[in-house]
Structure formats: C-alpha cells, structure tokens
Amino acid sequence: MASLQPLYARDTCTFSAPLRWGLTIFWRDTITEAPWVKELAHALEPDGVRILGHRFAKPGISQISLSVLPAVSALLLVNRVKGRLQYLVRKSRPRALRRNYALRSFGPATREAVETYVAEQLNHHQMADNRVQSMLERFQIVQPDVDLKQPKATSHGIYWYNLHVVLVHRERWTEIRKQVLEQVRAMILRVCRQRGFLLSRAGILVDHIHLALGCPFEMAPADVALTFLNNLAYVYGMKPVFQFGAYVGTFGEYHQGAVVSDPPWEDKCETGM
C-alpha cells in the first residue's frame, strides 16, 4: 500500500518571502577588518543566503544582515555563515570564531506593527452581513501570554525567529460555515501545540488566514507554511482549498530600514565561549 503523500510540497508551491536576518558572531581576537566579505557573499549564494551588509559592533564582534530563500532554516543559516567564514580565514586564523552567536529575524515592519495588523484583519475586511461579521469575531485568536520579543536559546546561542504567514483560498473562495471555521481555528491551535509554534495572533477570514508566530530554530519558513497548509487540508477532506503557496515574511523588534544600513542591536551571548 502506497504511503499517503502530502497535498502541498516544496516542489508544488511558490512562496513570496521577504526573509531577513541579523546575525551576530564573535571572533576569538579583536579583529576590526573584514576583507573576506565579498568572498563570503559569493560562497553563500549557492546556499540560498545573501549578505546585505556587515559591520563591527565592537572589535571582534561582527554583525551581518542577510536575506535567505524560503527553504533555508535559521539553523542552516547559522551553520553555513559560520562554517564558510571559518573556511575562508582558516590559514591566518585556524580557530577564528567562538561557538556562540545571536540571530534576529527582522522585516519591513516591526513585531508590534505586524501583530497589530493581524489582530485588526477582521476590521480591515468588513463583511456585508453583520451576522457573519459577528460569527467571525469568535474565531480570531489573540494570545497575549505569547511574547515574541523574548529570545529563545540553543546550546550555543540565542535567537528570535518570528514569521508572518498568509494562506489564501484558491480563487478567493469564501468559507462562512460555522462548523468548518471552528475546525480551522482548532486545527491552527493544535498544530501550534504539536509543532512548537508560538502563536501570538491569528486573523481568520472567509478567504484567507494571517498568522503571527515564533518558529522552531530548525524549521525553514517554507516548511512552516507547508505544515499549516497540509494540516488544514484535513479540515476540507484533503481538498486543495488553499493556494499552492503562501506569504512568509520575517519580522522582529527592528525594521529592515534600520538594520541593513546600521544594525541597531548589540546582542550579548555568553554560551558556548
């Protein structure tokens, strides 16, 4: 018997994704020059990682702003940047980098702006029928106990990994059945519990869904969206109600206009020295 295949997969979906990161890495000496930036940028391109900028916050502390493709996880990003950089400087600095790091997601808007935007989706898309509008109000998700501005930790670093995910119905087909919307809401919460997503806000509309959530370090943005798409497909009897793809955008405490030109943070990470 053939195994059940996911309805949505990486090779059948397209993702719109402004995915931006700020990575702080720590050198073992007080280095202040970075002649390796262009070489590192070239080496990272095949990995789906692009350098947007670099600066020394202090001697020996590099801050790098980056963009990535949807298939690149936070874990892969850190491993590739540190691994490729160590390889480039190996002759002059055989053990150039400390094991610790700090990684921040950021995007066109701040965390506060994204959470507010998602929470106000129902008001942005007013229904002509007040009864439907009132029904939809019951299915919105706001979890004030989830604080996405707080970092999470790995064995050697700290990170902030927040995503704004938008799933849209094919041909903007509308869903106003109370029972189905209840199942959609319940499935979103169930997926978050089972997969370790920190859901801050969810805007559930008749033809699309907005999610603001913190994500596991090892999961790529594309796979975050696919997890929701495939689980929500069960609500509809494994029918492709949603488009084959999604919007997945990073966000954080800083917006990209500030970060790319002059990173404003000064992350300290004492683990793994």
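Residues numbered from 1 in each chain as written. Predicted model: local features only at pLDDT ≥ 70, side-chain atom pairs only at ≥ 80, totals over all residues. Heavy atoms only, no water.

### Overview of the sheet that holds strand 12 (residues 245-251)
In step 1: Overall, mixed pairing links the six strands, which are arranged 1-12-9-11-10-6 in an open sheet. Of all the strands in the sheet, just strand 1 (14-16) and strand 6 (141-142) have a single pairing partner and so form its edges.
In step 2: Bridge analysis of strand 10 (residues 198-204) against strand 11 (residues 208-214) gives six bridges, and the strand direction is antiparallel. Looking across to strand 11, one finds that L199 is bridged to L213.
In step 3: Sitting on the sheet, helix 3 (residues 111-119) touches strand 9 (162-168), strand 10, strand 11 and strand 12, and the angle it makes with strand 10 is about 40°. (Pairing = 2+ DSSP bridges. Helix = DSSP H or I, 4+ residues; strand = E, 2+ residues; numbered from the N terminus. Contact = heavy atoms within 4.5 Å. Axes fitted to C-alpha atoms, helices over the stretch in contact; angles between N-to-C directions.)

### A word on the packing of aromatic side chains
In step 1: Counted by the stated rule, this structure contains eight aromatic pairs.
In step 2: An angle of 45° between the planes, with centres 4.7 Å apart, marks the rings of Y159 and F217 as tilted. Here the residue Y159 occupies a position in strand 8 (residues 157-160), and F217 occupies one in the loop between strand 11 and helix 7 (221-235), the gap between them amounting to 58 residues. As far as the burial class goes, Y159 and F217 line up, both buried. (Phe/Tyr/Trp six-rings, centres within 6.5 Å; stacked < 30°, edge-to-face > 60°. Buried < 20%, exposed > 50% of the residue type's maximum accessible area, 1.4 Å probe, protein only.)

### Side note on the packing of helix 6 (residues 178-195) against helix 7
Two quantities define a packed helix pair, namely the angle between the helix axes and the distance between the axes.
In step 1: Look at helix 6 against helix 7: their axes get within 9 Å of each other, and the N-to-C directions meet at 140°. Judged by the inter-axis angle, helix 6 sits oblique to helix 7. Crossing hand, helix 6 versus helix 7: right-handed. Across the interface between the two elements, V180, Q183, V184, M187, I188, V191, C192 and R195 from helix 6 touch T227, F228, N231, L232, Y234 and V235 from helix 7.
In step 2: Split by residue class, the contact of helix 6 with helix 7 holds ten nonpolar, three polar and one charged. (Parallel < 35°, antiparallel > 145°, perpendicular 65-115°, else oblique. Left-handed = near helix turned anticlockwise from the far one by under 90°. Nonpolar A, V, L, I, M, F, W, Y, C, P; charged D, E, K, R; others polar.)

### Comments concerning the packing of helix 1 (residues 37-44) against helix 2 (residues 74-88)
In step 1: Interaxial distance between helix 1 and helix 2 falls to 10 Å at its minimum, and their mutual angle equals 130°. Between helix 1 and helix 2, the crossing angle belongs to the class labelled oblique. Crossing hand, helix 1 versus helix 2: right-handed. Where helix 1 abuts helix 2, its residues E39, L40, A43 and L44 lie against R80, V81, R84, L85 and L88.
In step 2: Here the residues of the contact of helix 1 with helix 2 are counted per class, giving six nonpolar, no polar and three charged.

### Quick notes on the environment of Y159
In step 1: In this structure Y159 comes out as buried when scored by relative accessible area, which is 5%.
In step 2: C-alpha of Y159 to C-alpha of P216: the two residues are 57 residues apart in sequence and 10.0 Å apart in space.
In step 3: Not counting chain neighbours up to four residues away, the residues in contact with Y159 comprise L103, P151, K152, A153, T154, C215, P216 and F217.

### Some remarks on helix 5 (residues 130-137)
In step 1: When helix 5 is considered as a whole, its buried residues turn out to be V132, Q133, M135 and L136. The buried side chains of helix 5 occupy one side of the element, clustering within an arc of 165° when seen end-on. Summarising the geometry of helix 5, the exposed residues directed more than 90 degrees from the buried face are N130 and R131.
In step 2: Of the surrounding elements, those touching the buried residues of helix 5 are helix 4 (121-124), helix 6 and strand 10. (Arc of directions from axis to C-beta.)

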